[in-house]
Structure formats: structure tokens, C-alpha cells
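Report on the structure
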Amino acid sequence: MTRHRQVADEALIRTLFAEHGRAMLAYATRLTGERAAAEDVVQEALIKAWRNPDVLVNGKGSVRGWLLTVVRNIITDKVRARNARPKEVAESPTAVPIERDHADKVVTSMVVLDALEKLPDVHRSVLVEIYVRGQNINETAETLGIPPGTVKSRSHYALRALRDLFSARETGMEGVA
């Protein structure tokens, strides 16, 4: 790029900003709700104008209209990009991490599976249907071919037996059931 072209482009951008910068900033601030974000958008729009000077001098439509359209399109693109990503959550001392170490889950499931193996088949099958397969009392009764009252009774005694097993192990799981 020649020195003359650089000076002309710089003069064009300075003129655009002087004439339309306030309107662009007001529009961008209204759309974003943040002054700093709006300033970034205006700067981006001016860079687009600098890269496409032919659009500004072709006589088709108003320059301000083109600039405000560019501002709106930049903001729309940023919103779409932000919405396409999962929302970021800042970790703080009071917030529990989204995913804990999976080792705890593995150990817990091993302990629970071991305890389930120690239960009689009739109790274990009821707990598996309700807690592992997510069935309700009636669905469990239908699956196992027993009355709903029997499902309730067996689940009660099975959970009590598990509680006793965990208490004997002193695993800190006294709140089971």
C-alpha cells in the first residue's frame, strides 16, 4: 500500500468516526447494554469500513445506514456465537464444581453393588427395579409379578438392611433411605 493510500484511508476513517461515531456508539450501546462492548463493536465496524472503502463511496444508500447495519450485524454475530457455546460458570469457593472427581462415584458404586450382593434376591430385585431402572412401585410390581404392597414392604426392609450394612462398615452413609 502506498503512503498516499494509507493517508487517504486514515483520513476516511477519521472522517467516518467524526461524522458517525457518536450515532454508532449510541446504537451499539443500546443493543449491547454495555459501553465497553459497544466501543469494541464500533471499532470493529470501522475496521470493516476501512477494509471496504469502495462500499462507502459507491453512492448506493447512506454511509450511516451502512455503518449502523454493520454494527447490528456484528452484535448479532456475537450473540449467536455466545449462544452456540455452553454457558460458562465461574467456580467459586461457595459453588460446588459441576463435575466432581469420578473416582468418588466409582468407589461409591462399588460399595453399593457389594452391599446389594449381600441382600436376599427378593430385596435386591426390588431395589434394582426402583433405583437402577427408575421404575415406580406399580411398574416394579408388574415387572416382578408381585402386589404393589409387597414391593413397598420389600423395599422398606431392603433399605433398612442396607442402612445396617453401611452402619456396620462406618462409611458415613447413615442417611440411606
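Residues numbered from 1 in each chain as written. Predicted model: local features only at pLDDT ≥ 70, side-chain atom pairs only at ≥ 80, totals over all residues. Heavy atoms only, no water.

**What to know about the overall build of the chain**
Selection rule: Put simply, DSSP marks the helices as runs of H or I at least four residues long and the strands as runs of E at least two long, and each gets a number from the N terminus on. Buried, partly exposed and exposed residues are distinguished by accessible area as a fraction of the type maximum, computed with a 1.4 Å probe on protein chains only: under 20%, between the cut-offs, and over 50%, respectively. Throughout, a residue-residue contact means that at least one pair of heavy atoms, one from each residue, lies within 4.5 Å.
Scanning the chain from terminus to terminus reveals 8 helices and 0 strands. Ordered by position in the sequence, the α and β elements of the chain form the string α-α-α-α-α-α-α-α. Split into buried and exposed, the 177 residues of the chain put 23% on the buried side. For the chain, the proportion of contacts with a sequence separation of at least 24, taken over those separated by at least 6, is 54%.

**What to know about the nonpolar core**
The test is simple: Joining through side-chain atoms within 4.5 Å is the link that ties buried Ala, Val, Leu, Ile, Met, Phe, Trp, Tyr and Cys residues into a set, and such a set is a nonpolar core.
Formed by 18 residues in total, the largest nonpolar core has its most connected members in Leu 16, Met 24, Ala 28 and Val 71. At the level of elements, α1 (3–32), α2 (35–51) and α4 (63–84) are the ones that each hand at least two residues to this core. Sequence-distant contacts of Ala 28, that is, excluding residues within four places in its chain, are made with Gly 33, Ala 38, Val 41, Val 42, Val 71 and Ile 75. Residues Ala 115, Leu 116, Leu 159 and Phe 166 belong to the second largest nonpolar core, which totals 8 residues.

**Remarks on α2**
Applicable threshold: Multiplying 1.5 Å by the helix residue count minus one yields the expected span of that helix. When we speak of the arc, we mean the arc of directions from the helix axis to the C-beta atoms.
Between its first and last C-alpha atoms α2 spans 24 Å; for 17 residues at 1.5 Å apiece the expected length is 24 Å, and the two agree. When α2 is considered as a whole, its buried residues turn out to be Ala 38, Val 41, Val 42, Ala 45, Leu 46 and Ala 49. Angularly, the buried residues of α2 cover 140° about the axis, an arc narrow enough to put them on a single face.

**Focus on the pattern of salt bridges**
As a reminder, the rule being used: In the sections that follow, a salt bridge refers to a side-chain nitrogen of Lys or Arg positioned within 4 Å of a carboxyl oxygen of Asp or Glu.
If you walk through the whole model with that rule in mind, you get 6 salt bridges. As a salt-bridge pair, Asp 114 and Lys 118 come within 3.6 Å of each other at their nearest N and O atoms. As a salt-bridge pair, Arg 124 and Asp 121 come within 2.1 Å of each other at their nearest N and O atoms. Residue Arg 124 and its partner Asp 121 are both found in helix α6 (residues 121–132); the two are separated by 3 residues, about one turn of the helix.

**With respect to the confidence of the model for the chain**
Operational definition: Summary of the metric used: pLDDT quantifies the predictor's per-residue confidence within the range 0 to 100.
Residues of the chain with pLDDT of at least 70 account for 83%, and the chain-wide mean is 82. The secondary structure element of the chain with the lowest average pLDDT is helix α3 (residues 53–57), at 73, and the one with the highest is helix α7 (residues 137–144), at 92.

**Some remarks on the packing of α2 against α4**
In plain terms, the rule: To get an axis, a line is fitted to the C-alpha atoms, and for a helix only the part in contact is used. The angle between two axes follows their N-to-C directions and goes from 0 to 180 degrees. Here the word oblique covers every angle except those under 35 degrees (roughly parallel), over 145 (roughly antiparallel) and from 65 to 115 (roughly perpendicular). The sense of a crossing depends on the near helix, which, turned anticlockwise from the far helix by less than a right angle, makes the crossing left-handed and, turned clockwise, makes it right-handed.
Orientation of α2 relative to α4, taken along the N-to-C sense of each, is 120°, at an axis distance of 9 Å. The angle between α2 and α4 places the two elements in the oblique class. Along this stretch, α2 crosses α4, giving a crossing that reads as right-handed. Contact with α2, carried on its side by Val 41, Glu 44, Ala 45, Lys 48 and Ala 49, involves Trp 66, Leu 67, Val 70, Val 71, Ile 74, Ile 75 and Lys 78 of α4 and no other residues of that element.

**Observations regarding the packing of α1 against α2**
Cut-off, in case you're wondering: Basically, the charged four are Asp, Glu, Lys and Arg, the nonpolar ten are Ala, Val, Leu, Ile, Met, Phe, Trp, Tyr, Cys and Pro, and anything else, Gly included, counts as polar.
One can describe the packing of α1 onto α2 by two numbers: an axis separation of 8 Å at closest approach and a directional angle of 145°. The two elements α1 and α2 meet at a crossing, and its hand is right-handed. Contacts between α1 and α2 involve Asp 9, Ile 13, Leu 16, Phe 17, Met 24, Leu 25, Ala 28, Thr 29 and Thr 32 on the former and, on the latter, Arg 35, Ala 37, Ala 38, Glu 39, Val 41, Val 42, Ala 45, Leu 46, Ala 49 and Trp 50. Split by residue class, the contact of α1 with α2 holds 14 nonpolar, 2 polar and 3 charged.

**Quick word on the side chain of His 20**
Inspection of the secondary structure puts His 20 in helix α1. Leaving out residues up to four positions away in the same chain, His 20 has contacts with Val 63, Arg 64 and Leu 67.

**Quick look at the environment of Arg 72**
Turning to its location among the elements, Arg 72 is positioned in helix α4. Since its relative accessible area comes to 38%, Arg 72 is described here as partly exposed. In this view, Arg 72 contacts Tyr 27 and Leu 31; residues no more than four positions away in its chain are not counted.

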